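So you can see what is in the structure, the chains are spelled out below.
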Protein chains: 2
Amino acid sequence: MKKFGIVGIIGVGMIGGSIGMALRKRRLADKVIGLGRNPVKLRRAKVLGAIEEGYTDFDKGLKNAGLVIVATPVGLIPVMIKRAFPYLEDGSIITDVGSVKCQLIRKIERFLPQRIHFVGAHPIAGLETFGVENAKPTLFQESNCVLTPTPSTDANALRVIGEMWKGIGARVLLINPVQHDELLAFTSHLPHLIAVSLIEVLCNLNKKYKNTKEFIGGGFRDTTRIACGSPIMWRDICLANKKEILNALRKFKSTTNQIEEIISNEKWDMLLRKLIRAKKERDSLK
Amino acid sequence: MKKFGIVGIIGVGMIGGSIGMALRKRRLADKVIGLGRNPVKLRRAKVLGAIEEGYTDFDKGLKNAGLVIVATPVGLIPVMIKRAFPYLEDGSIITDVGSVKCQLIRKIERFLPQRIHFVGAHPIAGLETFGVENAKPTLFQESNCVLTPTPSTDANALRVIGEMWKGIGARVLLINPVQHDELLAFTSHLPHLIAVSLIEVLCNLNKKYKNTKEFIGGGFRDTTRIACGSPIMWRDICLANKKEILNALRKFKSTTNQIEEIISNEKWDMLLRKLIRAKKERDSLK
């Protein structure tokens with residue numbers, strides 16, 4: 001038996017598909033099974049090498065799966081876990097890839113039986129693309145995967161999930177769900193809403209000028225790339241992380257107001273210092 | 001004699017160097033001369049093939065140059081033009097590459113003698129990198145270059161500058177300087193300040209969390225890439241386009257406030273519609 005036995009992936013999209021491909025390429029699983037509602041998508045995932053078998057029926061698909069990864073949009077994760085656990089053997093491990101953790105984990109821990117172990121996970125490796133067509137086995141190499149254990153998390157299950165992510169090339173970080181959601185509100189959810197807002201401002205300008213697109217360069221394009229992400233996925237994220245996102249938006253508005261004031265009052269030396277500091281900080285992220 | 005005769009480039013950085021390389025590669029100039037304050041930088045530009053000769057002395061460098069391109073930061077453009085024109089022959093053409101046009105052109109037209117022609121230009125092809133080391137002869141291929149004629153612009157000079165940009169691969173757009181500055185405030189200057197603001201919010205979060213960088217993915221990285229741009233260049237742009245930038249910031253704040261309100265009031269359907277519209281619009285920019 002290989003390291004992770006039979007692995008079930010519920011939701012074989014860009015992330016789920018990439019996990020499947022990586023597990024198969026590195027020969028870490030006895031078999032990778034895909035589960036989903038749409039047989040066409042499951043067939044496509046099989047053709048692309050993300051899974052070995054695909055099932056719409058949880059009863060058949062989850063038989064003997066010791067490890068189940070839920071890679072659906074955030075809003076569906078608890079529903080899918082609830083649907084899956086009656087078919088799982090004692091000691092099975094369920095994990096997810098959701099971008100928001102607190103609300104999700106609270107819900108899951110409320111209904112999950114003691115015989116099944118859950119570990120919250122969030123690979124920071126998403127792209128603005130989605131669907132199994134965009135999956136690739138190297139997606140997680142050199143990326144970070146955050147695990148968010150709580151006091152109820154089983155230590156052995158946490159170790160297994162950590163090893164799985166390391167096995168497919170990721171660095172593993174541990175942090176509690178509350179801190180995860182606060183941090184991600186700033187590093188991921190806020191930039192997304194900012195990109196959407198920039199696009200909207202441009203749309204409004206289209207009423208005055210017909211050819212605004214011709215004045216767009218690489219800067220605007222990069223700053224707004226993430227607005228191409230899945231609308232449903234991002235609505236779910238906003239819904240699940242409302243409080244922290246509103247906090248991040250408030251902090252962002254206060255820095256924007258400062259910049260506005262500096263320009264309005266022509267404090268050019270102060271603006272230069274701000275630009276220098278931002279450049280230094282951004283250069284360090286390369 | 002080749003199409004554009006002897007061409008002088010004042011300020012041989014990333015943009016000036018790329019123009020020089022492109023003119024030389026396509027054999028459009030008899031000779032490309034670089035002018036600047038720093039002999040070390042001029043030597044580097046020569047080694048990299050951006051220019052054939054470099055001078056710190058305008059008297060020597062501009063001899064017989066029928067076409068002069070000023071590619072310094074915006075704040076220096078009028079100063080450089082003022083310094084250059086006494087050495088130029090009647091009928092010579094000066095152009096620039098500044099990202100802001102109104103204030104600049106007003107200043108230049110005030111002191112420029114009738115015997116010298118000026119045409120304002122802005123190639124929309126910048127990167128966050130700078131210096132001649134980052135110049136490349138293909139920078140303008142498939143890009144747009146905006147020319148901003150005024151009622152005083154000489155028709156023949158406008159035609160020559162248009163042909164130069166087409167000659168090195170750019171598409172040429174004509175627009176008046178006022179509209180240019182309004183449009184660019186939204187498509188370029190606003191995204192820059194937003195990126196700076198996002199970085200600043202992250203810096204503030206560093207006081208609470210030590211390892212915020214580990215939670216940063218491709219989204220945040222792309223959204224803030226332009227914050228790596230030259231601080232002096234961007235201060236000059238804010239200074240020269242103050243009014244339009246403040247207008248763009250106000251419009252942006254109003255869309256951000258709307259998004260905040262939608263999330264705060266849990267209008268998830270309305271949020272989804274906004275995300276779908278933004279995705280559609282951003283997809284169309286690819």
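Owing to the predicted nature of the structure, the values given are computational and were not obtained by experimental measurement.

1. Focus: the overall build of chain A
Counting secondary structure elements, chain A contains eleven helices and nine strands. Taken along the three principal axes of its C-alpha coordinates, chain A extends 70 × 45 × 30 Å. The buried share among the 286 residues of chain A stands at 59%. Taking the contacts inside chain A whose residues are at least 6 apart along the sequence as the reference set, 74% of them involve residues at least 24 apart. Approximately 12,100 Å² of chain A is accessible, and the part contributed by carbon and sulfur atoms is 51%. Positive and negative side-chain charges of chain A, numbering 45 and 27 respectively, have mean locations separated by a distance of 2 Å.

2. Comments concerning the relation of the copies chain B and chain A
Aligned on chain A, chain B shows an RMSD of 0.0 Å; the corresponding rotation is 180° and the shift along the axis is 0.0 Å. The relationship between the two copies is best expressed as a two-fold rotation axis. Using C-alpha coordinates, one finds that chain B approaches the rotation axis most closely at threonine 223 of chain B, a distance of 1.9 Å. Looking at the interface residues of chain B, 100% of them are also at the interface in chain A, so both copies use one shared face.

3. Comments concerning the UniProt feature "transmembrane region" (unreviewed entry) in chain A
Those places that UniProt annotates as "transmembrane region" (unreviewed entry) correspond, in this numbering, to residues 6-23 of chain A. The span residues 6-23 of chain A shows a helical share of 56% and a strand share of 28%, and its end C-alpha atoms are spaced 11 Å apart.

4. A few points about the sheet that holds strand β7 (residues 121-124) of chain A
All names here are of chain A. Here we have three strands laid out as an open sheet, ordered β7-β8-β9, and mixed in their pairing. If you trace the sheet from one side to the other, it starts and ends with β7 and β9 (171-174), each paired once. For this sheet, the mean inter-axis angle between neighbouring strands, taken without regard to orientation, is 25°. Inspection of the sheet shows strand β8 (residues 144-147) paired to β9 by four bridges, in the parallel sense. For asparagine 144, the partnering residue across the bridge sits in β9 and is arginine 171. Contacts from helix α6 (residues 155-167) reach β7, β8 and β9, with the element oriented near 170° to β8.

5. So, the sheet that holds strand β1 (residues 6-10) of chain B
Residue and element names in this part refer to chain B. Read from one edge of the open sheet, six strands run β3-β2-β1-β4-β5-β6, paired in parallel fashion. Strand pairing shows two members of the sheet lacking a second neighbour, β3 (53-55) and β6 (117-119), which therefore form its edges. Recorded for the sheet is a direction-independent mean angle of 25° between the axes of neighbouring strands. Pairing analysis gives five bridges linking β1 to strand β2 (residues 31-35), with the strands arranged parallel. If you follow isoleucine 6 over to β2, its bridge partner there is lysine 31. Along the sheet face, helix α4 (residues 77-84) touches β1, β4 (65-70), β5 (93-96) and β6 and points at about 160° away from the line of β4.

6. A few points about the interface of chain B and chain A
Taken together, the contact between chain B and chain A spans 86 residues of the former and 86 residues of the latter. Interface of chain B and chain A: buried area, both sides summed, is about 8,500 Å²; carbon and sulfur atoms make up 70% of it. The three residues of chain B that bury the most area against chain A are Phe215, Arg282 and Leu285 of chain B, which together make up 9% of that side's buried surface. Where chain B meets chain A, there are twelve salt bridges. Here chain B is connected to chain A by 38 residue pairs in polar contact (both at pLDDT 80 or more). Secondary-structure elements contributing two or more residues to the side of chain B that touches chain A are β8 (144-147), α7 (177-205), α8 (218-224), α9 (231-240), α10 (242-264) and α11 (268-283) of chain B.

7. Some thoughts on unusual backbone geometry
Positive phi outside glycine occurs at arginine 27 of chain B, with the angle close to 50°. For arginine 27 of chain B, the location among the structural elements is in the loop between α1 (14-25) and β2.

8. Looking at the domain arrangement of chain A
Residues and elements named next belong to chain A. Each assigned domain of chain A is listed here: domain 1 (6-175) and domain 2 (179-283). Using only C-alpha atoms to locate each centre, domain 1 and domain 2 end up separated by 31 Å. Contacts between the two partners involve 14 residues from domain 1 and, on the opposite side, 16 residues from domain 2. Carbon and sulfur atoms supply 68% of the area buried between domain 1 and domain 2, which totals about 1,300 Å² over both sides. When the residues that make up the side of domain 1 that touches domain 2 are grouped by side-chain class, the tally is seven nonpolar, five polar and two charged.

9. Some remarks on α4 of chain B
All names here are of chain B. Along α4, the positions that sit buried rather than exposed are Ile77, Pro78, Met80, Ile81 and Ala84. Seen along its axis, α4 keeps its buried residues to an arc of 160°; they face one direction. The secondary structure elements touched by the buried residues of α4 are β1, α3 (58-61), β4, β5, α5 (102-111) and β6.

10. Quick notes on the packing of aromatic side chains
We describe a pair of aromatic rings using the distance from one ring centre to the other and the angle between the two ring planes. Tallied over the entire structure, the rule returns five aromatic pairs over all chains. For the ring pair phenylalanine 140 of chain A and tryptophan 165 of chain A, a centre distance of 5.0 Å and an interplane angle of 85° mean the geometry is edge-to-face. Residue phenylalanine 140 of chain A is located in the loop between β7 and β8, and its partner tryptophan 165 of chain A is located in helix α6; the two are separated by 25 residues in the primary sequence. This pair shows no difference in class: phenylalanine 140 of chain A is buried, exactly as tryptophan 165 of chain A is. Seen in terms of ring centroids, phenylalanine 85 of chain B and phenylalanine 111 of chain B are 6.1 Å apart; in terms of plane orientation they differ by 20°. Their pairing is stacked. Of this pair, phenylalanine 85 of chain B sits in the loop between α4 and β5 while phenylalanine 111 of chain B sits in helix α5, placing them 26 residues apart in sequence. Sitting over the ring of phenylalanine 58 of chain A, arginine 83 of chain A keeps its end group 4.7 Å from the ring centre.

About the criteria used
Residues numbered from 1 in each chain as written. Chains lettered and ligands numbered in written order. Predicted model: local features only at pLDDT ≥ 70, side-chain atom pairs only at ≥ 80, totals over all residues. Heavy atoms only, no water. Helix = DSSP H or I, 4+ residues; strand = E, 2+ residues; numbered from the N terminus. Buried < 20%, exposed > 50% of the residue type's maximum accessible area, 1.4 Å probe, protein only. Contact = heavy atoms within 4.5 Å. Areas by Shrake-Rupley, 256 points an atom, 1.4 Å probe, with all protein chains shown as cover. Lys, Arg positive; Asp, Glu negative; His and termini not counted. Charge placed at Lys NZ, Arg CZ, Asp CG, Glu CD. Least-squares fit on C-alpha atoms with pLDDT ≥ 70 in both. UniProt positions renumbered as here; feature names shortened; annotations may be inferred. Pairing = 2+ DSSP bridges. Axes fitted to C-alpha atoms, helices over the stretch in contact; angles between N-to-C directions. Buried area = accessible area lost by both parts, 1.4 Å probe. Salt bridge = Lys/Arg side-chain N within 4 Å of Asp/Glu carboxyl O. Polar contact = N/O pair within 3.5 Å; in protein donor to acceptor, adjacent residues only side chain to side chain. Domains from an automatic or database assignment. Nonpolar A, V, L, I, M, F, W, Y, C, P; charged D, E, K, R; others polar. Arc of directions from axis to C-beta. Phe/Tyr/Trp six-rings, centres within 6.5 Å; stacked < 30°, edge-to-face > 60°. Lys NZ or Arg CZ within 6 Å of the ring centre and 35° of its normal.

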